[in-house]
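Fold and geometry: a report
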Amino acid sequence: MLGLVLALLGAPEPTREQSAWDVAGWGSPVEAPAEGSVEPPSSPNPDSDEPPTPGDAPTPETEAGWDAAGWGSEAEAPTKTPPTKEPTQGPSKPPGDADYSAWDDADGSASRDDSSDSLGDDPKLRVGDILAGSLRLTGSYLHFDDPELFPAGDDAMAVTVGRILLEADVGQYLHVSFNGFGELARVPGGGSLGGSFASAGSTRSAYRTRYLGWQFWENGSVTGQLGVDRASMRVSVDSVNVEIGRFPVTYTVASMFTTNDFFAPFSATAVNRIYKPGVDAIRVATGFGTTGSVDVVGVLGYDPNNDKPSWGRSAVFTRAAVVGGGFEWAALGGKVSQRWVAGGSIQGDAGPINLRGEFHVGIPDEDGDGHDKDDRPVYGRLSAGPSVSFAWQNAALGAEYMFASDGASDPASYVNRALASYSDDLPYLGQHYVGLVAAAEIIPILRVSLTGIVSATDGSGLAGVAFIYNVANESDLILGVFVPWGAGVRGFDPMAGTVDLGSEFGTSPISAYLEARVFF
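Residues numbered from 1 in each chain as written. Predicted model: local features only at pLDDT ≥ 70, side-chain atom pairs only at ≥ 80, totals over all residues. Heavy atoms only, no water.

1. Points about the overall build of the chain
- For the chain, the helix and strand inventory stands at 6 helices and 21 strands.
- Each of the 520 residues in the chain was classed as buried or not, and the buried ones make up 56%. (Helix = DSSP H or I, 4+ residues; strand = E, 2+ residues; numbered from the N terminus. Buried < 20%, exposed > 50% of the residue type's maximum accessible area, 1.4 Å probe, protein only.)

2. Quick word on the nonpolar core
- Residues Phe257, Tyr428, Tyr433, Ile453 and Tyr513 are the most contacted members of the largest nonpolar core, which totals 36 residues.
- Looking at this core, the elements that each hand over two or more residues are β2 (155–170), β3 (174–186), α6 (414–419), β15 (432–443), β17 (461–472), β18 (475–485) and β20 (498–501).
- If sequence neighbours within four positions are ignored, tyrosine 433 has contacts with Phe257, Glu400, Tyr401, Met402, Tyr428, Ile453, Val454, Ser455, Ala456, Glu504 and Phe505.
- Residues Val299, Ala315, Val341 and Tyr422 belong to the second largest nonpolar core, which totals 17 residues. (Core = buried A, V, L, I, M, F, W, Y, C linked by side-chain atoms within 4.5 Å. Contact = heavy atoms within 4.5 Å.)

3. What to know about the side chain of threonine 203
- Looking at the secondary structure, you find threonine 203 in the loop between β3 and β4 (213–219).
- Polar side-chain contacts of threonine 203 include one of 3.1 Å to the backbone oxygen of serine 199. (Polar contact = N/O pair within 3.5 Å; in protein donor to acceptor, adjacent residues only side chain to side chain.)

4. Looking at the pattern of salt bridges
- Summed over the entire model, instances satisfying the criterion amount to 16 salt bridges.
- Note that aspartate 155 and arginine 186 form a salt bridge whose closest N and O atoms lie 2.5 Å from each other. In this pair, aspartate 155 sits in strand β2 while arginine 186 sits in strand β3, placing the two residues 31 residues apart along the sequence.
- Exposure remark for arginine 186: the relative accessible area of 30% places this residue in the partly exposed category.
- For the salt bridge of aspartate 280 with arginine 246, the shortest nitrogen-to-oxygen distance reads 2.7 Å. (Salt bridge = Lys/Arg side-chain N within 4 Å of Asp/Glu carboxyl O.)

5. Observations concerning unusual backbone geometry
- In this structure, asparagine 394 takes a positive phi of about 50° despite not being glycine.
- Inspection of the secondary structure assignment puts asparagine 394 in the loop between β13 (379–389) and β14 (396–404).
- Since its relative accessible area comes to 42%, asparagine 394 is described here as partly exposed.

6. Some thoughts on the packing of aromatic side chains
- Tallied over the full model, the rule gives 13 aromatic pairs.
- Pairing tryptophan 214 with phenylalanine 216 gives two aromatic rings, centres 5.7 Å apart and planes at 45°, and the pair type is tilted.
- With a relative accessible area of 53%, tryptophan 214 lands in the exposed category.
- Under the relative-accessibility criterion, phenylalanine 216 is labelled partly exposed at 38%.
- The interplanar angle of 45° and the centroid separation of 6.2 Å between the aromatic rings of phenylalanine 257 and tyrosine 433 together place this pair among those described as tilted. Here tyrosine 433 lies in strand β15 and phenylalanine 257 lies in the loop between β6 (240–247) and β7 (279–288), a separation of 176 residues in the sequence.
- A connected cluster of aromatic rings, assembled from ring pairs, spans Tyr207, Tyr251, Phe262, Phe263 and Phe317.
- Directly above the ring of tryptophan 311 sits lysine 335, whose terminal nitrogen or CZ lies 4.8 Å from the centroid. (Phe/Tyr/Trp six-rings, centres within 6.5 Å; stacked < 30°, edge-to-face > 60°. Lys NZ or Arg CZ within 6 Å of the ring centre and 35° of its normal.)

7. So, the pairing of strand β8 (residues 292–299)
- Here β7 runs beside β8; their pairing, made up of 8 bridges, is antiparallel. Paired with glycine 287 across the strands is serine 293, a residue of β8.
- From the end of β7 to the start of β8, which pair antiparallel, there are 3 residues, and glycine 289 there has a positive phi angle of about 60°.
- Relative to strand β9 (residues 315–324), β8 runs antiparallel, the two being bridged by 8 bridges. By the bridge assignment, aspartate 295 is partnered in β9 with arginine 319. (Pairing = 2+ DSSP bridges.)

8. A word on the pairing of strand β1 (residues 131–143)
- Two strands pair when backbone bridges link them, and β1 and β2 are joined in this way by 12 bridges, in the antiparallel orientation. In the strand pairing of β2, arginine 136 is matched with valine 161.
- Across 10 bridges, the pairing between β1 and strand β21 (residues 510–519) is antiparallel. When the sheet's bridge partners are listed, glycine 139 is paired in β21 with leucine 514.

9. Observations concerning the environment of tyrosine 513
- Mapped onto the elements of the fold, tyrosine 513 is located in strand β21.
- As a C-alpha pair, tyrosine 513 and leucine 142 span 371 residues in sequence and 8.7 Å in three-dimensional space.
- Ignoring any residue separated from it by four or fewer positions in sequence, one finds tyrosine 513 in contact with Gly139, Ser140, Phe197, Val271, Val465, Ala466, Ile478, Leu479, Gly480, Val481 and Phe482.

10. A look at the side chain of arginine 381
- The residue arginine 381 is located in strand β13 in this model.
- Within the structure, the side chain of arginine 381 is placed 2.7 Å from the side chain of aspartate 425, a separation counted as a polar contact.
- Beyond its immediate chain neighbours, meaning those up to four positions away, arginine 381 contacts Thr259, Glu358, Phe359, His360, Phe403, Ala404, Asp406, Arg417, Tyr422 and Asp425.

11. Details of the confidence of the model for the chain
- Chain-level pLDDT for the chain is 80 on average; 75% of the residues reach the 70-or-more range.
- Low confidence marks residues 4–118, where pLDDT is under 50. Its contacts with residues over four positions away, or in another chain, come to 419 contacts. (pLDDT = per-residue confidence, 0-100.)

12. Quick word on the environment of valine 161
- Note on placement: valine 161 falls in strand β2.
- Linking valine 161 and leucine 184, residues 23 residues apart in sequence, is a C-alpha distance of 6.7 Å.
- Not counting the four nearest positions on each side in its chain, valine 161 is found in contact with Ser134, Leu135, Arg136, Phe181, Gly182, Glu183 and Ser199.

13. Some points on the environment of serine 314
- Here serine 314 is to be found in the loop between β8 and β9.
- Sequence spacing of serine 314 and valine 299 is 15 residues, and the spatial spacing of their C-alpha atoms is 5.7 Å.
- A polar contact is formed between the side chain of serine 314 and the backbone nitrogen of glycine 301, at a distance of 2.9 Å.

Encoded structure:
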């Protein structure tokens, strides 16, 4: 909805990954937790490869402070290929023939013990050990109900994204990672990919320089792009990790309304979450035994007008996490694009119920020169909710609530709220939201996922259902539909370029989509 409003108004720059180790993808320490140490709570990863459901929560057999802090190891990728996904099931070890693309060897000991994985030590290393790829094909039929706003009527969207991935250890301490993409997309005139169908080429982040992307085709509603989504080096010495380049950064413990994700966050309805976009950064992290971790990250931001580095759009951020009492407790804060933030999060299990919550207070600072009378008011945001998993059909059920004090209190203020969004902001306009998710296996290779979001500000909402069919070890097929409800446009003046929205989701199209994913 936010992207739609900005497209209509011609707004400037569009705006937008549980513990410190699991979130950042640095993995668990090699040593096992000491006897009597507290295991971290399970936590669904917001970077999973399917629409967010509580079924994405990792198993409880994790390694305390590292996984609880968000640097856990990645889930199994498609078999017989190097991993091609962000972690989707928490900190389980990858299969034996997988590489370390999620950095699950936090202190580098695995590369020191097994030199066969090192480019510098194994002359017989095969290309398939370090090189992989993926192909995504998505098509969607869009039914628009508002002829005033969409005079052309129904339309369609299509996107094809191919990726080449490289993950390799170089010697004992260095790991290199690369993720390049090529994209060809067709989007209805005046619109853009984003929200549910966000892609690598549609990512508009203050922390990604445009010089690492090239648009080779633009003809009407069809565009083609080549770019670098990730390219980084990581040095690991004992429990200290240093990485530099373009890589994903995530500090959220929520699975739908990720209020503490400040760097290229996903929408709650994103269909494809396999690869969280990387940002241009440097990060230093360390763990303390099995129950604590600290990391500090600096992220380079760019002026949207000329793509030059800008202090106002850059970030300097830290997060500290510790496990105690069966819960992971984290504090975070620092400068992000256009504001300063301070907050925290908690996640853990209370019997069979998994509980998680996060919040932050934001102090706007548009130019990075301190908060003053020209900046927007101080605001607060929070999200929290429970989830539960069942053995029957591997079913899961969850709910989340989000509050944003800087959201609009009524539909008449939605346009101004859209124009006042921060870069890398969540795509919501109101103050109160409720989300519900459910998932279950119909048969072992076919899973159904249900998602629903309601704006408690105006009563509008969006419901989605998706069937995920595992065609083979390296391919998936997804068939789904999104159905919105709510008041439509109350008034639209094409000459003045103004629109009066009746609700947040009411103008969204009914969307039926099909997506195929292949990994090689």
